[in-house]
Number of protein chains: 2
Amino acid sequence: MTYALYYWDGLPGRGEFVRLALEQAGAAYIDIARRQDGTDRMLEIMEDDRADAPFAPPFLKDGDLILSQTANILFYLGPRLGLAPESEGERHRLNALQMTIADMVTEAHDTHHPVATGLYYEDQKPEAKRRAADFRTARIPKFLDHFERMLSANPAGPQHVIGHALSYGDLSLHHLLEGLHYAFPQAMTAYGARWPHLEALRTRVASLPNIAAYRVSDRRIPFNESCIFRHYPELDGIETGDDE
Amino acid sequence: MTYALYYWDGLPGRGEFVRLALEQAGAAYIDIARRQDGTDRMLEIMEDDRADAPFAPPFLKDGDLILSQTANILFYLGPRLGLAPESEGERHRLNALQMTIADMVTEAHDTHHPVATGLYYEDQKPEAKRRAADFRTARIPKFLDHFERMLSANPAGPQHVIGHALSYGDLSLHHLLEGLHYAFPQAMTAYGARWPHLEALRTRVASLPNIAAYRVSDRRIPFNESCIFRHYPELDGIETGDDE
């Protein structure tokens, strides 16, 4: 069965968490929005007058089944791709982790869009600076301390975030760290070696053969300023001297 | 087995989605934080140096298993409480709905805390007014139109949001509507009869015998201004004439 992934073209975004799992597993999938008319086909499904039309991308089609919400897609895919633990309890713990990562992703997005998703960044810059300052100083350490503890306290060792084998939680933490370093390089550097197990995981996942091959392929869309993780120096705590 | 629910005392908050499911099912549960020293016991678990310490309340203990993240708790409880559909596909659709409700709850929270959760509302009032205006005019219709369509397009009829029987999704939509009407009564009234199936569901759930009994019990904490849904007239689009 070939999976069909629907997401916005031109940015890694939330779709990237699903792509990384599919790529690591070597699963057959089509990245619909990157095809001719793909975005139109995605919007048609979203706007269709049907009970299972998704609220927002990313969503995944597996045959007739439409799955939306990133963590929900991964909860479904995890066992099928060999990227989830065996026990029900650990699967729910992994699901909670993925949802907490999603919460942090939303907060990272809101650093540049604290007032309204429908407005340009330039129209909410003063608010963005205040929100980003709180994100850098309060939220980044709160979330990353938590994830670091999951690794350091894992009875099976700090190589994996849940249990003794690679799961989609490891892939997602890798991508989260990549995004934070892209968007907030100065702030992340200033934290130094505060999260050694997370940083080791980030590097280890990048060097997995399937992930390494994906990263240099044209299937991967680099981070950019249309994405959730945006590098605006003024939101990274750097004085740019521009007016607001 | 008696479930133990951990949440902040004094507000319905995200814990209420779990409470409603437990109450409707008549399940045995203890609301830990409402007991003597309950909040201290909750914080102890969160701060413990263990791999399964939750990031934030609510969390649920079922024996030794700790479940966190509201939608994740309900995904686990749903089948056990008879409040989830039979098929795997429909369960994942219900999970996606619950996560979308959670997204809207976060956005409702951010109307009064758009800059930082750690600051007082009074310290972010101008930003709150801008964000709340966008929430009222753009986000409320976007989310509620979607939920209304799920009801109206349900092949089994608009009495339930998924399938032909009551699920935790119905209970959660009820509570979401209650919260929106509490926080934004003028804005919700102005929308008139735009969401007839949602409003009918809201009323129907309130009159389920177990829910009706719960609503008049002292186990229920009313909405208040410590909660996610806060009634600040100026955020409901009413000119209060105060300075910022």
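Predicted model, so just to flag it, every value in this text is computed and none were measured.

A.B. asks: So what about the relation of the copies chain B and chain A? Which residues, and what values?
C.D. replies: For the match of chain B to chain A, the screw axis carries a shift of 0.0 Å, the RMSD comes to 0.0 Å, and the turn is 180°. One copy is carried onto the other by what is essentially a two-fold rotation axis. When C-alpha positions in chain B are compared against the rotation axis, the closest is assigned to proline 114 of chain B, at 3.0 Å. Mapped onto chain A, 100% of the interface residues of chain B again fall at the interface, so both copies present the same surface.

A.B. asks: Tell me about the side chain of aspartate 170 of chain A, residues and numbers included.
C.D. replies: All names here are of chain A. Residue position: aspartate 170 is located in helix 6 (residues 168-183). Lacking a salt bridge, the buried aspartate 170 has arginine 204 as its closest oppositely charged neighbour, with an N-O distance of 6.2 Å. Excluding residues that lie within four positions of it along the chain, aspartate 170 makes contacts with Gln159, His160, Val161, Ala165, Leu201 and Val205.

A.B. asks: An account of helix 6 of chain A is requested, with residue identities and associated values reported.
C.D. replies: Here helix 6 of chain A spans 22 Å end to end across 16 residues, near enough to the 22 Å set by a 1.5 Å rise per residue. The element helix 6 of chain A is largely enclosed, with a buried count of 15 among its 16 residues.

A.B. asks: Outline the interface of chain B and chain A, listing residues and values.
C.D. replies: Where interface size is quoted, it is often the accessible area lost as the parts come together. Listed by partner, the interface residues are 48 residues for chain B and 48 residues for chain A. Roughly 4100 Å² of surface becomes buried between chain B and chain A when both sides are summed, with 54% attributable to carbon and sulfur atoms. When residues of chain B are sorted by the area they lose upon contact with chain A, Phe55, Arg130 and Arg149 of chain B head the list and together hold 18% of the total. Between the two partners, chain B and chain A, sit six salt bridges. A salt bridge links aspartate 110 of chain A to arginine 131 of chain B; the nearest nitrogen and oxygen atoms lie 3.6 Å apart. Linking chain B with chain A are 22 residue pairs in polar contact (both at pLDDT 80 or more). It is helix 4 (residues 88-112) of chain B that contributes the most residues to the side of chain B that touches chain A, 10 residues altogether. When the residues that make up the side of chain B that touches chain A are grouped by side-chain class, the tally is 20 nonpolar, 11 polar and 17 charged.

A.B. asks: Tell me about the nonpolar core, residues and numbers included.
C.D. replies: In this structure, Leu144 and Phe147 of chain A together with Leu144 and Phe147 of chain B are the most contacted members of the largest nonpolar core, which totals 119 residues. If you tally residues by element for this core, the top one is helix 5 (residues 125-152) of chain A, at nine residues. The residues touching phenylalanine 147 of chain A, leaving out its near neighbours within four places in the chain, are Leu97, Thr100, Ile101, Met104, Leu173, Leu176 and Leu198 of chain A.

Reading the values: the criteria
Residues numbered from 1 in each chain as written. Chains lettered and ligands numbered in written order. Predicted model: local features only at pLDDT ≥ 70, side-chain atom pairs only at ≥ 80, totals over all residues. Heavy atoms only, no water. Least-squares fit on C-alpha atoms with pLDDT ≥ 70 in both. Contact = heavy atoms within 4.5 Å. Helix = DSSP H or I, 4+ residues; strand = E, 2+ residues; numbered from the N terminus. Buried < 20%, exposed > 50% of the residue type's maximum accessible area, 1.4 Å probe, protein only. Lys, Arg positive; Asp, Glu negative; His and termini not counted. Salt bridge = Lys/Arg side-chain N within 4 Å of Asp/Glu carboxyl O. Expected span 1.5 Å × (residues − 1). Buried area = accessible area lost by both parts, 1.4 Å probe. Polar contact = N/O pair within 3.5 Å; in protein donor to acceptor, adjacent residues only side chain to side chain. Nonpolar A, V, L, I, M, F, W, Y, C, P; charged D, E, K, R; others polar. Core = buried A, V, L, I, M, F, W, Y, C linked by side-chain atoms within 4.5 Å.

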